[in-house]
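# Descriptive analysis of the structure
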Amino acid sequence: MKAGVGAPGRAQIPERTFRTDGWRVYPLTTGAILIFFILYATVRIFMNQWYWAPEEHYLTPLYSPCLSTSCVPGSSHFGQPMGEIPAFLPMAFITFVILAGFRGTCYYYRKAGYRSLFMAPAACAVPEPHKKYTGESKFPLVILNAHRYFFYGALVFACINIYDAVLSFHGKDGGIGMGVGTVIILINVAMLLAYTLSCHACRHIVGGRLKNFSKHPLRYRYWTFVSKLNVRHGQFAMISLVTVILTDAYIMAVAAGWITDLRIFN
Amino acid sequence: MSYKGNFKVWRGDDTSGGLEDFVVEVNEGEVVLDIIHRLQATQAPDLAVRWNCKAGKCGSCSAEINGMPRLLCMTRMSVFTEQETITVTPLRTFPVVRDLVTDVSYNYQKAREVPSFTPPENLGLGEYRMKQRDVERSQEFRKCIECFLCQNTCHVIRDHEENKESFSGPRFLMRIAELEMHPLDTEDRTRDAQDEHGLGYCNITKCCTEVCPEHIKITDNALIPMKERVADRKYDPIVWLGNQLFRRGSHNKH
Amino acid sequence: MVQVQVERFAYDVVVIGAGGAGLRAAIEARQQGKRTAIVTKSLFGKAHTVMAEGGCAASMGNVNAKDNWEVHFRDTMRGGKFLNNWRMAELHAKEAPDRVWELETYGALFDRTKDGRISQRNFGGHTYPRLAHVGDRTGLEMIRTMQQKIVSLQQEDFEEHGDYEAMLKVFPECTITELIKDGDRISGAFAYWRDSGKFLLFETPAIVLATGGIGKSFKVTSNSWEYTGDGHALALRAGATLINMEFVQFHPTGMVWPPSVKGILVTEGVRGDGGVLKNSTGERFMFGYIPDVFKGQYAETEKEADAWYKDQDNNRRTPDLLPRDEVARAINSEVKAGRGSPHGGVFLDIASRLPADEIRRRLPSMYHQFKELADVDITSQPMEVGPTCHYVMGGVEVDPDTASSVVPGLFAAGEVAGGMHGSNRLGGNSLSDLIVFGRRAGLGAVSYLDGLAERPTISESDVDDAANRAVAPFDWPTEGQAENPYTIHAELQQSMNDLVGIIRKEEEVQQALDKLVELKERARFVAVEGRREFNPGWHLSLDLRNMLLVSECVAKAALMRTESRGGHTRDDFPGMDAQWRNTLLVCSSDERGTHAEVAAKPQEPMREDLLELFELSELEKYYTDEELTQHSGRAGQ
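Residues numbered from 1 in each chain as written. Chains lettered and ligands numbered in written order. Predicted model: local features only at pLDDT ≥ 70, side-chain atom pairs only at ≥ 80, totals over all residues.

### Comments concerning the overall build of chain A
Each helix and strand in chain A was counted, giving 8 helices and 4 strands. The order of helices and strands in chain A, counted from the N terminus, is α-β-β-α-α-α-β-α-α-α-α-β. Taking the principal axes of the C-alpha coordinates as reference, chain A spans close to 75 × 50 × 35 Å. Residue burial in chain A is summarised as follows: out of 266 residues, 41% are buried. Counting contacts in chain A only where the partners sit at least 6 residues apart, residues at least 24 apart contribute 69% of the total. (Helix = DSSP H or I, 4+ residues; strand = E, 2+ residues; numbered from the N terminus. Buried ≥ 20, exposed ≤ 12 C-beta atoms within 10 Å, placed from the backbone. Contact = placed C-beta atoms within 7 Å.)

Okay, structure coming up:
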């Protein structure tokens, strides 16, 4: 018995798809971006260095907050409650779990990932190669329902990133100053905030779960606000992915001394 | 103004069939359904096609044009070049009856399995009070014209015949969302959405939204909010604990 | 001779048609405990009712508390130029609010007022904002609501009987070709499945016709293919009578471009929400077309008309919202005078009247319709519109209270029933008509059944006969030319459109009748290829017989009525004639439906208390002097 579109009773059409448009573009480009990020992040978190530019006070979001005694001096904005991190663990593993977890369970990235990496399906009305499919109804994918917990985590991390951004206004003489890095960090924080707040779980929590908006006028306003952002959630997801990589790469380059941060003032 | 267009139209029934070539006149301002009608009137009088209103309001003329699920009456010929060969096939998720007509009874069966609107008992005729902002979410879903393009494009059943039993499809998961967001409905269908109607099968790849001729944001506004409601009920220990402790609403029944 | 294999089904009530009236009738019959079947040519939920956009008229008084059934009754009678069956108009005005509220209990979500009640909008001919609506897709909301109510009843039946279809079953894509009688009473109906071509027989003592209208006999129409006058023709052949068939409503605003969508409706809601009609010189021409009978009721300056949208108590409404027949004629005249738009219509402008967001919010499906079908953005450009055949006021002559036709066991509701709307229907009165008289037809059938001593029976010869007639188009004529059903249909549409259309003349109608004789003769030789499985050529051949018969009624009645009133405009008799107001034209046919006849009959005089609801001065515009001697205004003189 043939499965899928070839199932008995359906119109017998040997061609998989008659689509003539560029349906391959989305899975290919999205897949390439996702794979690049995964590779970059993996390499980067095992580096365990070049995450803090001491003169400029830039901390990369991939290592923030730095909570262990292994952290280089100055990079621990919230103390070092964690003690020594064993060598086999990347020192930024908590940050990584939350950030990767938030993106990995995100409703937009799920679409992006399923389409580009798993081809389930690669594009609409294009048959997928899998024999069986149970989607997110069974373990392990049912875990994706924990998205809201990663959202809470991401919200905390977004606040930490804001704090880091404030600290990045550090002048070379100790007062207030600003470099290109500061601008990059600010843009990144804005994008991260937009991405985090436009999250579907956030939309549900602030008001979506209500049956009667009219009894909760304030939450209705939040919900309306988040709903507006939510329409662009996918865009924010991809933009913030790029800004995180750029921010990290810039700070790494400054910290490693490959480039010098261009100062706007002080 | 007018040119000869090349068409491939699938003709056949549940036992056999194939694409047939046609060359047919195309005039300015026409839609694909006009061409199918011209074929009926001039070249293939028994070419079967289902249609009603020809204005995108009834959702009868669903088919696949160049591989994309679309309404025949809402696909303008001007989106194609004059040289292009246009392929028209029946929906490929449902059993074919003849030519472009498919048997969509799966959908009517699934519609019956969704517990209906359950009105509050204490309200009489004319006593319903609902604020516009409270009905707006459900109203969006009620724009649905039941063309079943979303059902047809959803890979859960398109590519896996065996899932038809446990999966109701975007149309009826959206129907559940509509009722759950209805300000006066008293029934609770949240658990059923996951356990009986297969919401968990949905992997939010958004093809239903992409093909919806009414531009309903099925995934963002119906399916994901339902997934979040299911998560509240089934997968979120804190919400569960909160409900146990504070006995909020009727949730403690479950 | 064909091999006759017929599936048989026994029901208490068979409802033909699954639009608003049919579904409401079926809900009522099932709720009264009768086993009910719904037979529809289309899929369940696709009926023409989904096309209704503007709203459903009911004097709930939610927006303007001054509204009540008496005002609604008066508006309806005025709209119909006092030719309406007054009892139907009375029942309609009184019961519509309850029927609308009932829909809410089925789950309907109408747009709301600030305080949470059903919002109501302005519409042509209605004194107050009266139309319950959902954006511009009210018909869809109603059909879906009742469809879902039926599902909910089926779920109850499943609980009780273990079978969803134990008490209420839908037969989708199934066409009734003949009604069968036992003596003078209804005993059943013969049908075929559209997909397999196989035959079915319904054994039933009560049939509710809810088949809608006849628009597919006209070329430019807002109606879908289903509107082939099946119910009208079935009723005629079963011995029932039709009234008012000369009154065909041409909706003033149909799309005129591109050609493939010519006729598709542009909702009156556009004008209700502020849209205005303009000719090619940019003039708002409707101010020049207020007829004498409406003088004083409509704004005479643009300033007053515009002020009315905001303050309806102190301003008169815009003439853009005159009853449909007036607006359609006005557009027709403007185009004839050379002041039309490029594609032969006039301009309907909402773009300059409302902000773009507001247009998209209030008229979402109009926005999409023009964007996707005509590539016109109505938030920045005017629409081009012109009259389109929209609705037939005429239909089966029924008893107002029970919806029963003159044939025992045969009921009719909705567009297929005649009388309610007189010579012209007000927008919004159609949807309310469906639910008010749909319910009454269901109840009528139930009480007929309850009074029935024994079930009528069906003779086998009638069944064989029906089957033979159904397959006749597959017999190719042994001599002469075989006819293509599509060709005959196209010629019929052209002829009706050009000769019995919005403006009529004696010679032209006579010409149309001659053409009908020719077409009827040719239709006997219609032959189709292929098999019985989903064969559209065959389907059309069968529908064609109905269209020809009904067109004959329309043309004959149009020829006979030598006046202009509502949906019947005679170029050679431009005025309204009070003598004709009281006269109904009744159409009947022989058993085979080969020939239609029309005869005049007087209308029953209006009950006195209802007559008193009108000012004498208004009645004098319509009534003869003798008819008004009883009015208190006269008696006092």
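Additional details are given in the paragraphs that follow.
### Quick notes on the interface of chain B and chain C
Listed by partner, the interface residues are 45 residues for chain B and 50 residues for chain C. Where the side of chain B that touches chain C is concerned, the elements lending two or more residues are α1 (32-42), β6 (96-98), α2 (105-113) and α3 (132-141) of chain B. Top contributing element to the side of chain B that touches chain C by residue count: α3 of chain B, with 4 residues. Here the side of chain B that touches chain C is composed, by residue class, of 19 nonpolar, 13 polar and 13 charged. (Nonpolar A, V, L, I, M, F, W, Y, C, P; charged D, E, K, R; others polar.)

### Section: the UniProt feature "domain: FAD-dependent oxidoreductase 2 FAD-binding" (unreviewed entry) in chain C
UniProt records the feature "domain: FAD-dependent oxidoreductase 2 FAD-binding" (unreviewed entry) for residues 12-431 of chain C in the present numbering. A helix fraction of 29% and a strand fraction of 19% characterise residues 12-431 of chain C, whose end C-alpha atoms lie 26 Å from each other. (UniProt positions renumbered as here; feature names shortened; annotations may be inferred.)

### Re the UniProt feature "transmembrane region" (unreviewed entry) in chain A
Residue and element names in this part refer to chain A. Per the UniProt record, "transmembrane region" (unreviewed entry) is annotated on residues 25-47, 87-109, 149-169, 175-195 and 236-259. Counting secondary structure, residues 87-109 comes out at 70% helix and 0% strand; the distance between its end C-alpha atoms is 31 Å. From the first C-alpha to the last, residues 236-259 spans 29 Å; its make-up is 88% helix and 0% strand.

### Considerations on the domain arrangement of chain C
Residues and elements named next belong to chain C. With domains assigned, chain C is organised as domain 1 (6-247 + 393-450), domain 2 (256-388), domain 3 (474-582) and domain 4 (606-637). The gap between the C-alpha centroids of domain 3 and domain 4 is 39 Å. Every contact between the two is made by 4 residues of domain 3 and, on the other side, 4 residues of domain 4. Per-class residue counts for the side of domain 3 that touches domain 4 are 1 nonpolar, 2 polar and 1 charged. (Domains from an automatic or database assignment.)

### Regarding the pairing of strand β21 (residues 596-602) of chain C
All names here are of chain C. In this structure, strand β20 (residues 583-589) lies alongside β21, joined through 7 bridges in antiparallel fashion. Each residue of the ladder has a partner; that of threonine 583, found in β21, is proline 602. Hairpin connection from β20 to β21: 6 residues lie between these consecutive antiparallel strands, with glycine 593 at a positive phi of about 70 degrees. (Pairing = 2+ DSSP bridges.)

### So, the sheet that holds strand β13 (residues 248-255) of chain C
Residue and element names in this part refer to chain C. Across the sheet, 4 strands lie side by side as β13-β16-β15-β14; this open sheet has antiparallel pairing. Taken across any chain shown, the strands that pair with only one partner, and hence form the sheet edges, are β13 and β14 (276-278). Strand-to-strand, the axes of this sheet are offset by a mean angle of 45 degrees, without reference to chain direction. (Axes fitted to C-alpha atoms, helices over the stretch in contact; angles between N-to-C directions.)

### Description of the sheet that holds strand β5 (residues 85-89) of chain B
Sheets are built from strands that pair by backbone hydrogen bonding, the pairs being arranged parallel or antiparallel. All names here are of chain B. Spatial strand order, β2-β1-β5-β3-β4: 5 strands in an open sheet with mixed pairing. Pairing within the sheet leaves two strands with one partner each, and these edge strands are β2 (17-27) and β4 (68-71). Between one strand axis and the next, the sheet turns through 35 degrees on average, direction left out of account. Bridge analysis of strand β3 (residues 62-65) against β5 gives 2 bridges, and the strand direction is antiparallel.

### A short note on the UniProt feature "active site" (unreviewed entry) in chain C
All names here are of chain C. Per the UniProt record, "active site" (unreviewed entry) is annotated on Arg324. With respect to the element layout, arginine 324 can be found in helix α8 (residues 324-336). Leave out the neighbours within four places in its chain, and arginine 324 touches Gly124, Gln249, His251, Pro252, Asn424 and Gly427.

### Brief notes about the interface of chain B and chain A
A common measure of how large an interface is: the accessible area buried when the components associate. Residue-level contacts link 49 residues of chain B with 44 residues of chain A. Counting only elements with at least two residues in the side of chain B that touches chain A, the list comes to β1 (2-12), β4, β5, α3, α5 (155-158), α8 (207-211) and α9 (218-235) of chain B. Looking at which element gives the most residues to the side of chain B that touches chain A, the answer is α9 of chain B, with 8 residues. Residues that form the side of chain B that touches chain A fall into these classes: 18 nonpolar, 15 polar and 16 charged.

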